[in-house]
Amino acid sequence: MGFTVSFNKDNGTPNYVAWELLGEEVKTDVDRSDNFWTDPDIEGCPSTKDYTRSGYDRGHMCPAADQKWSQEAMDDCFVMANICPQDHGLNAGAWNTLESKERQWAKRDSAIMIIAGPIYETTDTKRIGNAGVRVPGAFFKVLMAPYVDEPRGIAFVYPNMTSPGNMQDYSMSIDELEKILGYDFFPALPDEIENKVEATYSFKEWNISK
């Protein structure tokens, strides 16, 4: 499997999905699977039918286009544990645009680390399907470029709806996102690197072509 999932059986969605995207993996071209499947070994893993006529897309956290380097990885990323109920306007719009940018950045920087998942507030009570999959109010994504001369990181939060405007409008530091979620995303990094990369961010630096 080309990614790691922390799954929440009560929500029926991942807490987060993490993976490394290598620049060389972006250049390969395994056909998209589109075969969503339920993992019987994951307690609470929903069925693809839970999303049918729900009004929400089956939104990948780790996208299929990041897994084109292996047929097995491609098939794995369609497990329902990697899926969240996502508004179509977000899934086909701003979220898709960010995913495309990530692949460009991976090629530019040789590799990037990515973590993505839903954000739930107590007011997010809507559920879909027989499994009662909980619909999140927003989604987050964390990016880290660890192998460039000056390692850098950035985070994004998008509401679960059509999100117009510039990608920069939804960006923040990793530290800011950690405070929202209560997560520590990169505890294995040396403190001096982790503290610098997580405290500061520059969308301009991320978005330049090299």
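Please read all numbers here as calculations on a predicted model, not as lab measurements.

(A) A look at unusual backbone geometry. Here the phi dihedral of Asp 34 falls at roughly 65 degrees; this positive angle occurs in a residue that is not glycine. Looking at the secondary structure, you find Asp 34 in the loop between α1 (23–26) and β3 (57–60).

(B) The side chain of Asp 109, seen in detail. The topology assignment puts Asp 109 in helix α4 (residues 94–109). Assessed through its relative accessible area of 4%, Asp 109 is described here as buried. One polar contact links Asp 109 to Arg 108, side chain to side chain, over a distance of 3.0 Å. The residues touching Asp 109, leaving out its near neighbours within four places in the chain, are Ala 145, Val 148, Arg 152 and Trp 206.

(C) Looking closely at the sheet that holds strand β5 (residues 111–119). Taking strand neighbours across the sheet as the criterion, the 6 strands line up as β1-β2-β5-β8-β9-β10 in an open arrangement whose pairing is antiparallel. Since the sheet does not close on itself, it has two edges, and those belong to β1 (4–8) and β10 (171–172), each with one partner. Pairing analysis gives 7 bridges linking β5 to strand β8 (residues 138–145), with the strands arranged antiparallel. For Pro 118, the partnering residue across the bridge sits in β8 and is Phe 139. Most of the contacts of helix α5 (residues 174–181) go to β8, to which it runs at about 140 degrees, and overall it touches β5, β8, β9 (152–159) and β10.

(D) Examining the pairing of strand β2 (residues 13–22) more closely. Bridge count for β1 against β2 is 5 bridges, and the pairing is antiparallel. The residue of β2 that forms the bridge with Thr 4 is Ala 18. Hairpin connection between β1 and β2: a loop of 4 residues separates the two successive antiparallel strands, and Gly 12 in this loop has a positive phi of roughly 75 degrees. Sheet topology places β2 next to β5; 6 bridges connect them, and they run antiparallel. Across the sheet, the residue bridging to Leu 22 is Ala 111, located in β5.

(E) Spotlight on the pattern of salt bridges. Following the criterion strictly, the structure yields 8 salt bridges and no others. Asp 34 is paired through a salt bridge with Arg 32; the nearest N and O atoms lie 2.7 Å apart. The shortest N-O distance in the salt bridge between Asp 109 and Arg 152 comes to 2.8 Å. In this pair, Asp 109 sits in helix α4 while Arg 152 sits in strand β9, placing the two residues 43 residues apart along the sequence. Like Asp 109, the residue Arg 152 is buried in the burial classification.

Scoring rules and cut-offs
- Residues numbered from 1 in each chain as written.
- Predicted model: local features only at pLDDT ≥ 70, side-chain atom pairs only at ≥ 80, totals over all residues.
- Heavy atoms only, no water.
- Helix = DSSP H or I, 4+ residues; strand = E, 2+ residues; numbered from the N terminus.
- Buried < 20%, exposed > 50% of the residue type's maximum accessible area, 1.4 Å probe, protein only.
- Polar contact = N/O pair within 3.5 Å; in protein donor to acceptor, adjacent residues only side chain to side chain.
- Contact = heavy atoms within 4.5 Å.
- Pairing = 2+ DSSP bridges.
- Axes fitted to C-alpha atoms, helices over the stretch in contact; angles between N-to-C directions.
- Salt bridge = Lys/Arg side-chain N within 4 Å of Asp/Glu carboxyl O.

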